[in-house]
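# Structure at a glance
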Amino acid sequence: MFASRARLAYKCNRLHLCENPMQPAVPSPLPTETVSISAVAAHAGVSVATVSRVLNEQAGVRAPTRDKVLASVAALGYRMNHLARSLRTAESRMLLTMVPDVGNPFYAQIVRGIDTVAREHGYFVLLCDTGADAGRERSYFDLLRMHRADGAICLDPDTVQHALSHESVSLPWVACCEFDPAVAVPYVGIDNHRAASDAVTHLLSRGHTRIGLINSDERYLYARQRQQGYLDTLAGAGLPVLPQWVHTVQSLDYEAGTAATLRMMAQPDAPTAIFAVSDTLAIGVLSALRQLGKRVPEDVAVIGFDDIAIAAQIDPGLTTIAQPMRELGETAARLLLQRLANPAASVPGVLLQHRLILRGSA
């Protein structure tokens, strides 16, 4: 009778279904906050140094010993104190990702790429929305100066990054998408001039000679390079560019693309094709053309840039320049990890390939 009650009470305790009025036959794991690394070492019958090597994934521990330590960690419910570890090693295991607008879907895949590589190497990612503001960017870089973060990946405009150019050697950061080769900071991006030229060349091949441009804030390197690619390609084809065919907007949202298109199409000799420097703007272009009763691509052809997920889902599908967004993030993270591993090493800049994706809009 007594043995049956003891067995029942033990089962209830293990399943957390009822209170056990008796001492359980096997002790429960200690509360996490009371378990020390010394307790793990004693439980496993090894030294504290051995437990430390296992937890920090260091070499020099035989597989059976490692398995025994990990079994003790699980049995006792031990959790590593990452704050204490960071204070001992001067490492936070935190990487900053500074984005000018977290609401822009273009950045989502880049951040996922960064996070994938970071986690593979035991780092966490802190996403920082700077609003493309130099002051906010500097405040985030203070986290590097105070060793609250180990490194940073900056997607802010290259003009904003210049404020930090004098710290390009002392602080571990890399530039992604936006960069200035004259600044001694590792970078990854694409050839925006060539990509824009490919977009305009495609429209020329379809017989268009009146091609409009909806461009973004020229604080951004990509905006300046894509506009220059557009201008150079039309000049190479011997075609004029009327001022009313080029519209610059200060945001990349759909409404900005719609408003710019309505203004552009109200002009005499309106374009028969429009190149927008982002897919979000291009989707706004399509909305404006529907409002005006224009057929796409029969009346007006449209090309975007980036190849965000929605570009393939709208009707008609958006012809666009595809950036390797996830690969941009992965490469940026690897460049940063190289710099952290060897601060004195020269880490080169990388240009990735773009692609023209043909769909129904052009």
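Residues numbered from 1 in each chain as written. Predicted model: local features only at pLDDT ≥ 70, side-chain atom pairs only at ≥ 80, totals over all residues. Heavy atoms only, no water.

### What about helix H4 (residues 63-76)?
Counted at 1.5 Å a residue, the expected span for H4 with its 14 residues is 20 Å, and the 20 Å between its end C-alpha atoms agrees. Among the residues of H4, those classed as buried are Thr65, Val69, Ser72, Val73 and Leu76. Buried residues along H4 cover an arc of 105° about the axis, so they all sit on one side. Looking at H4, the residues exposed on the side facing more than 90 degrees away from the buried face are Ala63, Pro64 and Ala74. (Helix = DSSP H or I, 4+ residues; strand = E, 2+ residues; numbered from the N terminus. Expected span 1.5 Å × (residues − 1). Buried < 20%, exposed > 50% of the residue type's maximum accessible area, 1.4 Å probe, protein only. Arc of directions from axis to C-beta.)

### Considering unusual backbone geometry
For the peptide bond that leads from valine 296 to proline 297, omega is 10°, which places it in the cis range. Structurally, proline 297 is set in the loop between helix H12 (279-291) and strand S9 (301-306). Following aspartate 315, the chain continues into proline 316 via a peptide bond in cis, with omega recorded as -5°. Here proline 316 is to be found in the loop between S9 and strand S10 (319-322). Positive phi, normally seen in glycine, also occurs at aspartate 307, with a value near 70°. Mapped onto the elements, aspartate 307 comes out in the loop between S9 and S10.

### Concerning the nonpolar core
With 71 residues, the main nonpolar core has Ile110, Ile153, Cys176, Ile214 and Phe275 as its most contacted residues. Structurally, this core is a two-domain feature, drawing no fewer than three residues from each of domain 2 (91-190 + 326-352) and domain 3 (192-322). Those residues in contact with isoleucine 153, other than ones at most four positions away along the chain, are Leu96, Thr97, Met98, Ile114, Val174, Cys176, Ala332, Ala333 and Leu336. In this structure, Leu144, Cys154, Trp173 and Phe179 belong to the second largest nonpolar core, which totals 16 residues. (Core = buried A, V, L, I, M, F, W, Y, C linked by side-chain atoms within 4.5 Å. Domains from an automatic or database assignment. Contact = heavy atoms within 4.5 Å.)

### Section: the packing of aromatic side chains
According to the stated counting rule, one finds five aromatic pairs in the structure shown. Considering the side-chain rings of phenylalanine 179 and tyrosine 187, the 4.1 Å spacing of their centres and the 10° angle between planes classify their relative orientation as stacked. In this structure phenylalanine 179 comes out as buried when scored by relative accessible area, which is 7%. Above the ring of tyrosine 123, the side-chain terminus of arginine 93 is found at 3.9 Å from the ring centroid. (Phe/Tyr/Trp six-rings, centres within 6.5 Å; stacked < 30°, edge-to-face > 60°. Lys NZ or Arg CZ within 6 Å of the ring centre and 35° of its normal.)

### Some details on the sheet that holds strand S2 (residues 124-129)
Strand order in the open sheet formed by six strands is S2-S1-S3-S4-S5-S11, with parallel pairing between adjacent strands. The open sheet has two edge strands with one neighbour each: S2 and strand S11 (350-352). Strand after strand, the sheet turns through a mean of 20° between neighbouring axes, direction not considered. Where strand S4 (residues 173-176) lies against strand S5 (residues 187-190), two bridges are found, and the strand directions are parallel. Note that in S5 the partner of cysteine 176 across the bridge is valine 188. Sheet strands in contact with helix H7 (residues 134-145) are strand S1 (94-99), S2, strand S3 (151-154) and S4, and its direction is about 170° off that of S1. (Pairing = 2+ DSSP bridges. Axes fitted to C-alpha atoms, helices over the stretch in contact; angles between N-to-C directions.)

### A few points about the confidence of the model for the protein chain
Mean pLDDT over the protein chain stands at 85; residues scoring 70 or higher make up 85%. Note that residues 1-33 has pLDDT below 50 and, in this model, 19 contacts with residues that lie over four places away or in other chains. (pLDDT = per-residue confidence, 0-100.)

### A look at the sheet that holds S10
Strand-to-strand pairing in sheets goes through backbone hydrogen bonds, with the strands running parallel or antiparallel. Taken together, six strands build an open sheet; the order of strands is S7-S6-S8-S9-S10-S12 and the sheet is mixed. On the outer flanks of this sheet lie strand S7 (246-248) and strand S12 (355-357), each paired with one strand and no other. Geometrically, the sheet is characterised by an average inter-axis angle of 15° between neighbouring strands, direction not taken into account. With four bridges connecting them, S9 and S10 associate as parallel partners. The residue of S10 that forms the bridge with isoleucine 303 is threonine 319. Packing of helix H9 (residues 192-205) onto the sheet brings it into contact with strand S6 (211-215), strand S8 (273-276), S9, S10 and S12, and relative to S9 it is tilted by some 160°. Against the sheet, helix H10 (residues 221-236) contacts S6, S7, S8 and S9, and its axis sits at roughly 170° relative to S6.

### A look at the packing of helix H2 (residues 37-44) against helix H3 (residues 48-55)
It is the contact of H2 with H3, at a shortest axis distance of 8 Å, that shows an interaxial angle of 105°. Here H3 runs roughly perpendicular to H2, going by the angle between their axes. Within the contact between the two elements, H2 uses Ile37, Ser38, Val40 and Ala41 and H3 uses Val48, Val51, Ser52 and Leu55. Of the residues belonging to the contact of H2 with H3, the class tally is six nonpolar, two polar and no charged. (Parallel < 35°, antiparallel > 145°, perpendicular 65-115°, else oblique. Nonpolar A, V, L, I, M, F, W, Y, C, P; charged D, E, K, R; others polar.)

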